Amino acid sequence: MSLRINDEAPDFSAETTQGPLRFHEWMGDGWTVLFSHPKDFTPVCTTELGYMAGLQPEFAARNCKIIGLSVDPVSSHGKWAADIEETQGHAVNFPMIGDPELKIAKLYGMLPADAGTTSEGRTAATNATVRTVFMIGPDKKIKLMLSYPMSTGRNFDEVLRVLDSMQLTAKHKVATPVNWKSGDDVIILPSVLEEEAKQKYPDGWKAPKPYLRFVPQPK
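Quick notes on the rules
Residues numbered from 1 in each chain as written. Predicted model: local features only at pLDDT ≥ 70, side-chain atom pairs only at ≥ 80, totals over all residues. Heavy atoms only, no water. Helix = DSSP H or I, 4+ residues; strand = E, 2+ residues; numbered from the N terminus. Expected span 1.5 Å × (residues − 1). Bend = angle between axes of the 7 residues up to and from the residue. Buried < 20%, exposed > 50% of the residue type's maximum accessible area, 1.4 Å probe, protein only. Contact = heavy atoms within 4.5 Å. Salt bridge = Lys/Arg side-chain N within 4 Å of Asp/Glu carboxyl O. Phe/Tyr/Trp six-rings, centres within 6.5 Å; stacked < 30°, edge-to-face > 60°. Lys NZ or Arg CZ within 6 Å of the ring centre and 35° of its normal. Polar contact = N/O pair within 3.5 Å; in protein donor to acceptor, adjacent residues only side chain to side chain. Pairing = 2+ DSSP bridges. Axes fitted to C-alpha atoms, helices over the stretch in contact; angles between N-to-C directions.

With 19 residues, helix H2 (residues 43-61) extends 29 Å between its outermost C-alpha atoms, agreeing within 8% with the 27 Å of an ideal straight helix rising 1.5 Å per residue. The principal kink in H2, of about 45 degrees, is found at Leu55, preceding the proline Pro57 by one to four residues. Buried within H2 are the following residues: Cys45, Thr46, Glu48, Leu49, Gly50, Met52, Ala53, Leu55 and Phe59. Residues of H2 that are buried make contact with strand S3 (31-37), strand S4 (64-70), helix H3 (74-88), strand S5 (96-98) and helix H5 (156-171).

We now examine the pattern of salt bridges. For side chains of opposite charge, pairing can occur when their charged atoms come near one another. For the coordinates displayed, the defined rule picks out 12 salt bridges. Between Arg22 and Asp11 there is a salt bridge, with its nearest N and O atoms 3.0 Å apart. You can see Arg22 sitting in strand S2 (residues 21-22) and its partner Asp11 sitting in the segment before strand S1 (13-14), a full 11 residues away along the chain. With relative accessibility at 41%, the residue Arg22 sits in the partly exposed group.

Bringing the packing of aromatic side chains into the picture now. Counted by the stated rule, this structure contains 7 aromatic pairs. An aromatic cluster of three or more residues is present, and its members are Phe12, Phe23, Trp26, Tyr108 and Phe134. The residue whose ring lies beneath Lys65 is Trp26, and the NZ or CZ to ring-centre distance is 4.8 Å. One cation-aromatic arrangement involves Arg213 over Trp205; the distance from NZ or CZ to the ring centre is 6.0 Å.

Next up on the list: the side chain of Lys39. Following the sequence through the fold, Lys39 ends up in the loop between S3 and H2. At a separation of 3.3 Å, a polar atom in the side chain of Lys39 contacts the main-chain carbonyl oxygen of Arg122. In this structure Lys39 touches Ser70, Asp72, Trp80, Ser119, Arg122, Thr123 and Ala124, once residues within four positions along its chain are discounted.

Take the sheet that holds S5 next. Strand order in the open sheet made by the 5 strands is S5-S4-S3-S6-S7, with mixed pairing throughout. Across the chains shown, the open sheet's two edge strands, defined by having one partner strand only, are S5 and strand S7 (142-147). On average, each strand axis in the sheet is inclined to that of its neighbour by 20 degrees, with strand direction left out of account. In terms of strand pairing, S4 meets S5 through 3 bridges, oriented parallel.

Let us now look at the environment of Pro149. Turning to its location among the elements, Pro149 is positioned in the loop between S7 and H5. For the pair formed by Pro149 and Val130, sequence separation is 19 residues and the distance between their alpha carbons is 9.2 Å.

What follows deals with H5. Residues lying three or four places apart along an α-helix face the same way, a consequence of the helix completing one turn every 3.6 residues. For H5, which comprises 16 residues, the first-to-last C-alpha distance of 23 Å matches the rise-based estimate of 22 Å (1.5 Å per residue) to within 8%. Its side-chain oxygen 3.1 Å from the backbone nitrogen of Asp157, Asn155 forms the N-cap of H5.

Listed below in structure tokens is the structure:
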């Protein structure tokens, strides 16, 4: 299936390194980052999982859970986790989904329907498309999808930045400009008419163009 932003994230049941779960139930009423890997014991993914483990407290502070997926059995994930902690200095304390039958990779459109039904005999190269980050909101809808090639490590600081932006813009009628970071000026949405904008921002705004209105980030 082909997923797009604002589609509902498909629900599923799975075995993980922290026991069985039902995805939507496990998510609860917060945000979730689901990120996938083509195979266990792959070098780039090892660095990614370790870094994400180090960032976990930052995501938790934003009411966002982390969950990983790799196209291998859970028993293999546990052995890989030991390598990750040894080489990256962070224990993987979030669940890792086992997907040995490729069901979830197919459900999320990362592998084609004719990819078979087992991870046995498949290599990282044949699973190369299982390299997507999905950010899912409290409404269970997909808010972001980022897909990377195997040779390029993902930037999870960027995923955290996007989460800050999405949580801010979900509460206020603003958008964040290019390269925005928390604390920078934001843009008043075009849908906010002049009178409403004056009420919300009595100190005014900077407007190099009528449609481009910059204000300090709302508290």
